Amino acid sequence: MAKKTVKDLDVNGKKVIVRADLNVPHKGSEITNDNRVKAAVPTLKYLTDNGAKVILMSHLGKVKTEEDKAKNDLGIVAPRLQELLPEVTVKFCPETRGAELEAMVDALKPGEILLMQNTRYEKGESKNDPELGKYWAGLADMFVEDAFGSVHRAHASTVGIPSNLPDNALGFLVEKEVNMLGKAVDDPVHPFVAILGGAKVSDKIGVIENMLDKADKVIVGGGMAYTFDKARGYNVGSSLLEEDKIDLAKTIMEKGKDKLVLPVDTVAADKFANDANTMVVEGNIPDGWMGLDIGPKSIELFKDTLQGAKTVVWNGPMGVFEMPNFAKGTLEICEAISELPDATTVIGGGDSAAAAIQLGFEDKFSHISTGGGASLEYMEGKTLPGIAIISEQ
């Protein structure tokens, strides 16, 4: 069923809570990457242009102690938001509830934005405290969900508020995420190739199994490939290995024998460092050596597998891409995906998104997700509670 979007709401003169993802990386009060703030702008601009009184909410960092509160004061975002929306008045409330917040909400004029303090200052936020969700909902007339990075969490600000505000909808960012991921995962044009990397099989079990049901080919690389190598009877040296997942890897290989594509060689190193001694290994990795990237034959195998693909979903790097000497596999696969003609290409957030951006391929994909955890759970076939709660059209 299609969910309501912000354009389905009559927001003129109404108080609208927007749950955005302003969880920016920062050093003190300096924002080191403002992509998430920029991503929130289209929905905020639409609402203010159409006369809404916007109450803006987000979490920032993990807050467990008073020191965490001081480190993760959401007030650092207000000046940047004001710069991005110069024609809009952006105010900041240092409280998450109480008389000051209520007075500032009541004083809002159409077309203004009030950014509220970090939702995680409230202990009940992550527990979806019913009283907190009801309190926040009572501040407004409507709710807009625009934080894709948080929709896989049933928190007070993602589920509690819309549970109490039937006038709710998706913002433009989440709408795009749902459309692009939905098209790629649930209604792909075939051939459909899924590429899964990263450190641990245990993090991607559900995704691998779901993709084996949906995709024509499933490529596996990165650290988790060594658990599959061990399951195939190879020595993996001191490579990343989940001993307790070897039997599971065998089961997955049997289930996916016609679809699963595993590396055939690896770039092994004698230490976990960019300046390590390296060698390309097929088969057994010597003791004391560790695989840190896919090898040249694996790169060619994966590129051949991608040929002719019309839908590609990629989640997880092929090696330790943060070290230049072990970034080649990720770079080459990234490039190969970006050059596919007439294909829908989606990166499921997280490290693979960071890799694509870092390696200069940000504009070469159909879509790069803003939510690693949420996109992973979507690829697993799980229900995302922050989207499920939104009213249908």
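So, here's what we can say about the structure. (Residues numbered from 1 in each chain as written. Predicted model: local features only at pLDDT ≥ 70, side-chain atom pairs only at ≥ 80, totals over all residues. Heavy atoms only, no water.)

**Quick word on the pattern of salt bridges**
For step 1, the next point in the chain: Inspection of the entire model under this criterion finds 24 salt bridges.
For step 2, the next point in the chain: Two residues, Asp244 and Lys245, come together in a salt bridge whose shortest N-O distance is 3.1 Å.
For step 3, the next point in the chain: The exposed category is assigned to Asp244, whose relative accessible area is 60%.
For step 4, the next point in the chain: Each of Asp34, Lys38, Arg80 and Glu83 takes part in one network of salt bridges that share partners. (Salt bridge = Lys/Arg side-chain N within 4 Å of Asp/Glu carboxyl O. Buried < 20%, exposed > 50% of the residue type's maximum accessible area, 1.4 Å probe, protein only.)

**Some remarks on unusual backbone geometry**
For step 1, the next point in the chain: Following His190, the chain continues into Pro191 via a peptide bond in cis, with omega recorded as 0°.
For step 2, the next point in the chain: Note on placement: Pro191 falls in the loop between α7 (172–186) and β9 (192–196).
For step 3, the next point in the chain: At Asn128, a residue that is not glycine, the phi angle is positive and equals roughly 50°.
For step 4, the next point in the chain: One can find Asn128 in the loop between β6 (113–116) and α5 (130–137).
For step 5, the next point in the chain: A residue is classified by how much of its surface remains accessible, and Asn128, at 23% relative accessible area, is partly exposed.
For step 6, the next point in the chain: Of note in this structure, Asp342 is not a glycine but carries a positive phi near 55°.
For step 7, the next point in the chain: Inspection of the secondary structure assignment puts Asp342 in the loop between α12 (328–338) and β16 (344–347).
For step 8, the next point in the chain: Here Asp342 falls in the exposed class, since its relative accessible area comes to 71%. (Helix = DSSP H or I, 4+ residues; strand = E, 2+ residues; numbered from the N terminus.)

**Considerations on the packing of aromatic side chains**
We describe a pair of aromatic rings using the distance from one ring centre to the other and the angle between the two ring planes.
For step 1, the next point in the chain: Within the structure shown, the criterion is met by two aromatic pairs.
For step 2, the next point in the chain: Measuring from centroid to centroid gives 5.4 Å for Tyr46 and Phe172, while their planes differ by 80°, and the two rings are edge-to-face. Linking Tyr46 in helix α1 (residues 35–49) with Phe172 in helix α7, this pair joins segments that are 126 residues apart in sequence.
For step 3, the next point in the chain: Residue classification places Phe172 among the partly exposed residues on the basis of a relative accessible area of 22%.
For step 4, the next point in the chain: The positively charged end of Arg97 is found above the aromatic ring belonging to Tyr135, 5.4 Å away from the centroid. (Phe/Tyr/Trp six-rings, centres within 6.5 Å; stacked < 30°, edge-to-face > 60°. Lys NZ or Arg CZ within 6 Å of the ring centre and 35° of its normal.)

**What to know about the packing of α5 against helix α6 (residues 156–164)**
For step 1, the next point in the chain: Here α5 crosses α6 at 65°, and the two axes come no closer than 8 Å. Classified by the angle between their axes, α5 and α6 sit roughly perpendicular to one another. Crossing geometry of α5 relative to α6 is assigned as right-handed. For the pair α5 and α6, contact is made by Leu132, Gly133, Lys134, Trp136 and Ala137 and by Ala156, Ser157, Gly160, Ile161 and Asn164, respectively. (Axes fitted to C-alpha atoms, helices over the stretch in contact; angles between N-to-C directions. Parallel < 35°, antiparallel > 145°, perpendicular 65-115°, else oblique. Left-handed = near helix turned anticlockwise from the far one by under 90°. Contact = heavy atoms within 4.5 Å.)

**Here's the deal with the environment of Thr158**
For step 1, the next point in the chain: Mapped onto the secondary structure, Thr158 falls in helix α6.
For step 2, the next point in the chain: Judged by relative accessible area, Thr158 falls into the buried class, the value being 0%.
For step 3, the next point in the chain: Those residues in contact with Thr158 that lie beyond four places of it in its chain are Arg19, Phe143, Glu145, Ser150, Arg153, Gly386 and Ile389.
For step 4, the next point in the chain: A polar side-chain atom of Thr158 sits 2.7 Å from the main-chain carbonyl oxygen of Arg153. (Polar contact = N/O pair within 3.5 Å; in protein donor to acceptor, adjacent residues only side chain to side chain.)

**A look at the sheet that holds strand β10 (residues 217–220)**
For step 1, the next point in the chain: Strand order in the open sheet formed by six strands is β11-β10-β9-β15-β16-β17, and the pairing between neighbours is parallel. Edge strands, defined here as strands with exactly one partner in the open sheet, are β11 (260–261) and β17 (367–368).
For step 2, the next point in the chain: In the sheet, β16 pairs with β17 via two bridges, with the strands oriented parallel. Directly across from Val346, in β17, lies its bridge partner His367.
For step 3, the next point in the chain: Packing of helix α11 (residues 296–306) onto the sheet brings it into contact with β9, β10, β11 and β15 (311–315), and relative to β10 it is tilted by some 155°. (Pairing = 2+ DSSP bridges.)

**A few points about the sheet that holds strand β13 (residues 278–281)**
For step 1, the next point in the chain: Strand order in the open sheet made by the three strands is β13-β12-β14, with antiparallel pairing throughout. The open sheet terminates on both sides in strands that have one partner only, identified here as β13 and β14 (290–294). Strand-to-strand twist across the sheet, computed as the mean angle between neighbouring axes with direction ignored, equals 35°.
For step 2, the next point in the chain: Taken together, the four bridges between strand β12 (residues 266–269) and β13 define a ladder with antiparallel strand orientation. Following the sheet pairing, Ala269 is matched in β13 by Thr278.

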